[in-house]
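As a plain string of letters, each chain reads:
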Amino acid sequence: MKEITITKPDDWHAHFRDHEILAETVSASARQFGRSIAMPNLTPPVVNAELAKAYEKRILEHRPKGSDFTPLVTLYLTNATTPAQIKEARDHGVLAAKLYPAGATTNSSNGVNDISKMESVFTAMDECGMLLLIHGEVTDGDIDIFDREKVFIEKYLQGIIHKHPTLKVVLEHITTKDAADFVIGCSDNVAATLTPQHLMLNRNDLLVGGIKPHYYCLPILKRNTHQEALRKAVASGSSKFFLGTDSAPHMKDQKESACGCAGCYSAPAAIELYTDIFEELGALDKLEGFASHHGADFYGLPRNKEKITLVKESWTMPSEVHVPGNNVIVPFWADQKIGWRLKS
Ligand code: NCD
Ligand code: ZN
């Protein structure tokens, strides 16, 4: 196959960050996606309707001219979130709220300390039709970093889903066979997003032959048997799995550091990388469902009307992306070959 045309995809998990860097991150996503779920882990976090609408406005101000790219802003759940704030945000068009266990990842210090105290918030979300997006990792110091997703599922996720069977839940950026199997076993109200890095890599890629800070993200890459299970899950064509890049830029000096930040900036080649993956899996016929249909259907939104075309043409991801303030980001897959190119 030399060319593939699919419905314009959406990204159900992206970090645009804020202010001057939006010029870079918003154009990188708008190039390929119709809509992106904009993660709320800013400093300070997006905790109510007013902050969400203001963030949406800042993103839209950086949308390239002529683009109809739509950011879908989300709410950040804290210990102090109230059912009234949920309903107000939903009335203002906010479709989803994100649960970060406190301390689980970048900018999550305002996250939730005690999930059992969130019952009334989850009930409010269920009642007003707001989706619950979950960073599924426990943060207990005695739980090994490679087990944190599995333990979260057993300790918290099962309970949330059991108590709120009609609440729509997305387990974000899944990294384990445990998570894939769990989601498959749940009702149609539970789905998962998958990143390019967790489909392309495993922990050997991160750690063997020298540590690769640009492959470091959370949840951390797992062993190859988990990677294989994730690849199998997307190749199955199941509508429970859809595209969520978790594109999460950090400045080069903060990644290449004695205490490097977690996150891969994959937006500059996201749809191309996913196309490579589906081709490798012999499942190019499943790409459109994963990238352009399943997420919209799960969120209850119309599928995009536009199409995009990818051409089988090899290119190399640049080493660096320059951003305002004399800063540099190393994009995911820097200096490496990509087999497909998005036709503009
Ligand atoms: C994300 C970030 O940098 O905001 N980092 C990451 O490693 N994925 C946060 C997140 O989604 O965990
Ligand atoms: Zn993320």
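Scroll up to find the structure this text is about.
A quick note: this is a predicted structure, and the numbers were derived from the prediction, not measured. (Residues numbered from 1 in each chain as written. Chains lettered and ligands numbered in written order. Predicted model: local features only at pLDDT ≥ 70, side-chain atom pairs only at ≥ 80, totals over all residues. Heavy atoms only, no water.)

What follows covers the site of ligand 1. By nearness alone, 15 residues border ligand 1, and Arg-17, Asn-41, Thr-105, Leu-218 and Asp-246 come closest of all. Measuring from an oxygen atom of ligand 1, one finds a side-chain N or O atom of Thr-105 at 2.7 Å. Expressed as a share of its isolated accessible area of 310 Å², the protein-covered part of ligand 1 is 100%. Per-class residue counts for the shell around ligand 1 are four nonpolar, nine polar and two charged. (Near = heavy atom within 4 Å. Polar contact = N/O pair within 3.5 Å; in protein donor to acceptor, adjacent residues only side chain to side chain. Areas by Shrake-Rupley, 256 points an atom, 1.4 Å probe, with all protein chains shown as cover. Nonpolar A, V, L, I, M, F, W, Y, C, P; charged D, E, K, R; others polar.)

Right, let's talk about the packing of aromatic side chains for a bit. Per the counting criterion, the structure on display carries 11 aromatic pairs. Centroid distance Phe-16 to Phe-69: 6.1 Å. Interplanar angle 75 degrees. Geometry classified as edge-to-face. One end of the pair, Phe-16, is in the loop between strand 2 (11-14) and helix 1 (22-30); the other, Phe-69, is in the loop between helix 2 (49-61) and strand 4 (70-73), and 53 residues separate them in sequence. When sorted by exposure, Phe-16 lands in the same class as Phe-69, which is buried. When the ring of Tyr-76 is compared with that of Tyr-100, the centres are 5.2 Å apart and the planes differ by 35 degrees; the resulting orientation is tilted. Residue Tyr-76 is found in strand 5 (residues 75-76), and its partner Tyr-100 is found in the loop between strand 6 (96-99) and helix 4 (119-128); the two are separated by 24 residues along the sequence. In textbook terms, an aromatic cluster arises when at least three aromatic residues are bridged by ring pairs, as seen for Trp-12, Phe-242, Phe-298 and Tyr-299. Taking NZ or CZ as reference, Lys-168 lies 5.0 Å from the ring centre of Phe-298, over its face. Directly above the aromatic system of Phe-146 lies the positively charged group of Arg-203, at a separation of 4.6 Å from the ring centroid. (Phe/Tyr/Trp six-rings, centres within 6.5 Å; stacked < 30°, edge-to-face > 60°. Helix = DSSP H or I, 4+ residues; strand = E, 2+ residues; numbered from the N terminus. Buried < 20%, exposed > 50% of the residue type's maximum accessible area, 1.4 Å probe, protein only. Lys NZ or Arg CZ within 6 Å of the ring centre and 35° of its normal.)

What follows concerns the coordination of the zinc ion (ligand 2). Within the protein, His-13 (NE2), His-15 (NE2) and Asp-246 (OD) serve as the donor atoms for the zinc ion (ligand 2), at 2.0 Å. Coordination at the zinc ion (ligand 2) is irregular, judged from the four donor atoms that bind it and the angles of 93 to 140 degrees they form at the metal. Read in sequence order, the donor residues for the zinc ion (ligand 2) give the motif H-x1-H-x230-D. Overall, the relative accessible area of 1% leaves His-13 in the buried class. His-15 sits in the buried class, given a relative accessible area of 7%. (Donors = N, O, S within 2.8 Å, 3.2 Å for Na, K, Ca; no water. Tetrahedral: all angles 85-135°; square planar, octahedral: opposite > 155°, others 65-115°.)

Quick look at the pattern of salt bridges now. Counted by the stated rule, this structure contains 19 salt bridges. With its nearest N and O atoms 2.8 Å apart, the salt bridge here joins Lys-87 to Glu-127. Here Lys-87, found in helix 3 (residues 83-91), pairs with Glu-127, found in helix 4; they are 40 residues apart in sequence, far enough to count as distant. The exposure class of Lys-87 is partly exposed, given its relative accessible area of 33%. On the basis of relative accessible area, Glu-127 is assigned to the exposed category, the value being 58%. Measuring nitrogen to oxygen at the nearest pair gives 2.9 Å for the salt bridge that ties Glu-280 to Arg-231. Of this pair, Glu-280 sits in helix 11 (residues 270-280) while Arg-231 sits in helix 9 (residues 224-235), and the two are 49 residues apart along the sequence. (Salt bridge = Lys/Arg side-chain N within 4 Å of Asp/Glu carboxyl O.)

Once that is clear, we can look at the side chain of Gln-197. As for its placement among the helices and strands, Gln-197 is situated in helix 7 (residues 196-200). Each residue touching Gln-197, except ones within four places of it in the same chain, is listed here: Cys-217, Leu-221, Thr-245, Cys-264 and Phe-332. (Contact = heavy atoms within 4.5 Å.)

Turning our eyes to something else, we now look at the sheet that holds strand 2. Strand pairing in a sheet relies on backbone hydrogen bonds. The paired strands run either parallel or antiparallel. Pairing is parallel in the open sheet, where three strands are placed in the order 2-3-4. Looking at which strands have only one partner, the edges of the open sheet turn out to be strand 2 and strand 4. Across the sheet, the mean angle separating the axes of adjacent strands is 30 degrees when strand polarity is ignored. Pairing of strand 3 (residues 35-38) with strand 4, which is carried by four bridges, proceeds in the parallel orientation. When the sheet's bridge partners are listed, Ser-36 is paired in strand 4 with Pro-71. (Pairing = 2+ DSSP bridges. Axes fitted to C-alpha atoms, helices over the stretch in contact; angles between N-to-C directions.)

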